[in-house]
Amino acid sequence: MPEKMDVSVVFPVKNRASYVRKAVSVAYKAEGVKEVIIVDGGSTDGTIREALKAKAKTIIQSKLVYPGKGVAMRDGAYYASGDIVVFLDVDIKNMAPSFVEKLAEPIMRKEAEFVKGCFEREAGRVTELVAKPLLKIFYPELANFRQPLSGEIAGLRKTFYEVEFEEGWGVDVGLLIDMHRLGRPVTEIDIGFKDHEMKPLPHLTDMAHQVADAILKRAVEDGRIDRRAAEARLRAIVERV
Ligand SMILES: Nc1nc2c(ncn2[C@@H]2O[C@H](COP(=O)(O)OP(=O)(O)O)[C@@H](O)[C@H]2O)c(=O)[nH]1
Ligand SMILES: [Mg+2]
């Protein structure tokens, strides 16, 4: 019989005290979970206190040295010890063990090494207006992913050591492209309905810029575009958002 794989769940978190306790306790209930890790990005509310109360392994990052969700994910992956690492946003109102289980399952079955979660909701604005058009141009092989920016992902822990974690919002699309170019089997699965808050439009500019930058950087590295053309495209996109 194949050996059973265990799971580390990592939540990058910044100032989401009210979600932490439930997210951690729900994640502990999922099958195969050996540890739940909160990576705190310099929260100024009660996030850290709540994480400790919920008995999460808690990494407290220095705001000065480690900004951004991507750095938090990278540190979570390096700290984790499970065979599989599942990343989830903490601010999912209907958090359920099935989110963790559905993400880990294709890896346990050896059908994938990297799993992208998608959910029954329209994809976000940055996804539709920035990520998908750029993927369609530079990585048409990935253009069919419904939610290339989703933060609900799972992967073999060791595979995460072979890819580059962007510091900020480019991290999720960057991981998807990196896994694809390493030739890892990647799959997208529907994890059901996810209830969470939408960001106001002005907050999306930085996100859109970082997502575009992560895609274009890889397109340049892969010889799919030259740097000057990439910068011109990036400027045009940022001016439009
Ligand atoms: N550690 C850390 N976590 C972050 C940072 N920014 C966002 N997060 C967390 O990353 C997840 C996704 O962020 P969120 O603001 O909900 O993004 P959205 O759902 O795409 O609008 C949540 O769990 C946040 O608390 C950061 O700078 N550092
Ligand atoms: Mg959110």
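This text follows the structure it describes.
Rules and cut-offs
- Each chain has its residues counted from 1, following the order in which its sequence is written.
- Think of it this way: whatever chain is written first is A, whatever ligand is written first is 1, and the rest follow in order.
- In keeping with the predicted nature of the model, local features appear solely for residues at pLDDT of at least 70, side-chain atom pairs appear and are counted solely at 80 or more, and the whole-chain, interface and lining totals rest on all residues.
- As a rule, the C-alpha atoms of each element are fitted with a line to give its axis, helices using only the stretch in contact, and angles between N-to-C directions run from 0 to 180 degrees.
- In DSSP terms, a helix is any run of H or I states spanning at least four residues, a strand is any run of E spanning at least two, and both are numbered starting from the N terminus.
- Each angle receives one of four descriptions, namely roughly parallel if under 35 degrees, roughly antiparallel if over 145, roughly perpendicular if within 65 to 115, and oblique otherwise.
- Whether a crossing is left-handed or right-handed is set by the direction in which the near helix is turned from the far one by less than a right angle, anticlockwise for left-handed and clockwise for right-handed.
- We call two residues in contact when the distance between their C-beta atoms, placed using the backbone, is within 7 Å.
- Defining nearness, a residue is near a molecule or strand when the C-beta atom obtained from its backbone falls within 6 Å of it.
- Counting other C-beta atoms within 10 Å of each residue's C-beta, where C-beta atoms are placed from the backbone, gives the exposure class: buried for 20 or more, exposed for 12 or fewer, partly exposed between.

Right, let's talk about the packing of helix α7 (residues 204-221) against helix α8 (residues 227-240) for a bit. Axis separation between α7 and α8 bottoms out at 10 Å; the angle between their running directions is 165°. Taken together, the axis directions place α7 and α8 in an arrangement best described as roughly antiparallel. For the pair α7 and α8, the crossing hand works out as right-handed. Between α7 and α8, the residues in contact are Ala208, His209, Ala212, Asp213, Leu216, Ala219 and Val220 and Arg227, Ala230, Arg233, Leu234, Ile237 and Val238, respectively.

Let us look at the site of ligand 1. In the neighbourhood of ligand 1, 18 residues make up the surrounding shell, with Pro12, Lys14, Gly41, Ala72 and Val90 lying closest. For the shell around ligand 1, the elements supplying multiple residues, two or more each, are β1 (7-13), β2 (33-40) and α3 (69-79). Residue contributions to the shell around ligand 1 peak at 3 residues, all from β1.

Time to look at helix α1 (residues 17-29). Among all positions of α1, only Val20, Ala23, Val24, Val26 and Ala27 are buried. Elements that come into contact with the buried residues of α1 comprise β1, β2, α2 (47-53) and α4 (97-108).

Following the sequence through the fold, Phe138 ends up in helix α5 (residues 125-138). Taking the C-alpha atoms as reference, Phe138 lies 9.5 Å from Asp222; in sequence the two are 84 residues apart. Not counting residues within four places of it along the chain, the set of residues in contact with Phe138 comprises Ile215, Ala219, Arg224 and Ile225.

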